[in-house]
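Spelled out from the first residue to the last, the chains are:
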Amino acid sequence: MRTFSIVKPDAVAAGNTGAILQSLEAAGFRLVALRLVRMTKAEAEGFYGVHRERPFFSSLTDFMSSGPAVVVALERDDAIRELRRLMGATNPADAAPGTVRARFASSIERNAIHGSDSPESAAFELGYFFPGVELG
Ligand code: DGI
């Protein structure tokens, strides 16, 4: 089964891309597709469209389009749930020790990693950045 992840601009800028990808591989995820992207504001708005009405939408999409990010398609058993567990809570103050966000996030917004939260969002998000890749 496949899911979708982003090493967010804060983590790329801080030089944490390698460490984050290593923790994904160590947890049994295989890389299916990977690309460095510089999202436009409009691309970030399309990606996070479900959050359009939230008060942080403008700030979130400014941040996501502020610098390069690494988009990744990942595969393993129970991929969606396992990635969410490895990421930790959205707010790093609540993230379990050892999770990616506990280790690398600096705030609820600059939180190092994205992971799809359902099969429906994984299908949308994989197709958004990897239109040619089999969704598996
Ligand atoms: O699926 P998650 O990334 O864990 O969280 P989400 O889908 O609820 O929110 C998407 C992103 O939006 C999250 O990674 C960071 C940002 N965000 C969520 N809640 C807040 C927020 N940003 C700010 N500034 N304030 C929030 O309360």
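Residues numbered from 1 in each chain as written. Predicted model: local features only at pLDDT ≥ 70, side-chain atom pairs only at ≥ 80, totals over all residues. Heavy atoms only, no water.

**Q** In this structure, what is going on with the overall build of the protein? I would like to understand it.
**A** A tally of regular secondary structure across the protein gives seven helices and four strands. Listing each helix as α and each strand as β along the protein from the N terminus yields β-α-α-β-α-α-β-α-α-β-α. Here the C-alpha atoms of the protein give a radius of gyration of 14 Å, agreeing with the 14 Å that 2.2 N^0.38 yields for 136 residues. Dimensions along the principal axes, computed over C-alpha positions, put the protein at roughly 35 × 35 × 25 Å. The burial tally for the protein puts 47% of its 136 residues in the buried class. Taking the contacts inside the protein whose residues are at least 6 apart along the sequence as the reference set, 76% of them involve residues at least 24 apart. Surface accessibility of the protein: about 6700 Å² in total, with carbon and sulfur atoms responsible for 52%. Each charge class in the protein can be summarised by its mean position, and for the 15 positive and 16 negative side chains these summaries are 3 Å apart. (Helix = DSSP H or I, 4+ residues; strand = E, 2+ residues; numbered from the N terminus. Rg over C-alpha atoms; globule rule 2.2 N^0.38 Å. Buried < 20%, exposed > 50% of the residue type's maximum accessible area, 1.4 Å probe, protein only. Contact = heavy atoms within 4.5 Å. Areas by Shrake-Rupley, 256 points an atom, 1.4 Å probe, with all protein chains shown as cover. Lys, Arg positive; Asp, Glu negative; His and termini not counted. Charge placed at Lys NZ, Arg CZ, Asp CG, Glu CD.)

**Q** Please explain the UniProt feature "active site" (unreviewed entry) in the protein as it appears in this structure.
**A** Per the UniProt record, the feature "active site" (unreviewed entry) sits at H114. Examined against the element boundaries, H114 turns out to sit in strand β4 (residues 113-115). Among the residues examined, H114 registers a relative accessible area of 9% and is labelled buried. Setting aside residues up to four positions removed in sequence, H114 forms contacts with F4, S5, I6, K8, F47, Y48, L83, M87 and E125. (UniProt positions renumbered as here; feature names shortened; annotations may be inferred.)

**Q** Would you take a moment to explain the sheet that holds strand β3 (residues 69-75) for this structure?
**A** Each strand in a sheet pairs with its neighbour through backbone hydrogen bonds, running either in the same direction (parallel) or in the opposite one (antiparallel). Strand order across the open sheet formed by four strands is β2-β3-β1-β4, with antiparallel pairing between neighbours. Here the strands that pair on one side only, and so sit at the sheet edges, are β2 (30-37) and β4. Averaged over all neighbouring strand pairs, the angle between strand axes comes to 20 degrees, with direction disregarded. Note: strand β1 (residues 2-7) against β4, three bridges, orientation antiparallel. Each bridged residue has a counterpart across the sheet, and for S5 the counterpart in β4 is G115. (Pairing = 2+ DSSP bridges. Axes fitted to C-alpha atoms, helices over the stretch in contact; angles between N-to-C directions.)

**Q** Please clarify how the site of the ligand should be interpreted in this entry.
**A** In the vicinity of the ligand, the contacting residues are K8, Y48, H51, F56, L60, R84, T90, R101, I108, E109 and N111. At 2.6 Å, a side-chain N or O of T90 approaches an oxygen atom of the ligand. Here the ligand, which alone exposes 530 Å², has 78% of that area covered by the protein. Here the ligand is seated within the largest pocket. Residue composition of the shell around the ligand, by class: four nonpolar, three polar and four charged. (Near = heavy atom within 4 Å. Polar contact = N/O pair within 3.5 Å; in protein donor to acceptor, adjacent residues only side chain to side chain. 1 Å grid on protein atoms, 1.4 Å probe; cavity = no way out; pocket = protein on both sides within 12 Å on 5 of 7 lines; lining within 4 Å. Sits in = over half its atoms within 2 Å of the grid points. Nonpolar A, V, L, I, M, F, W, Y, C, P; charged D, E, K, R; others polar.)

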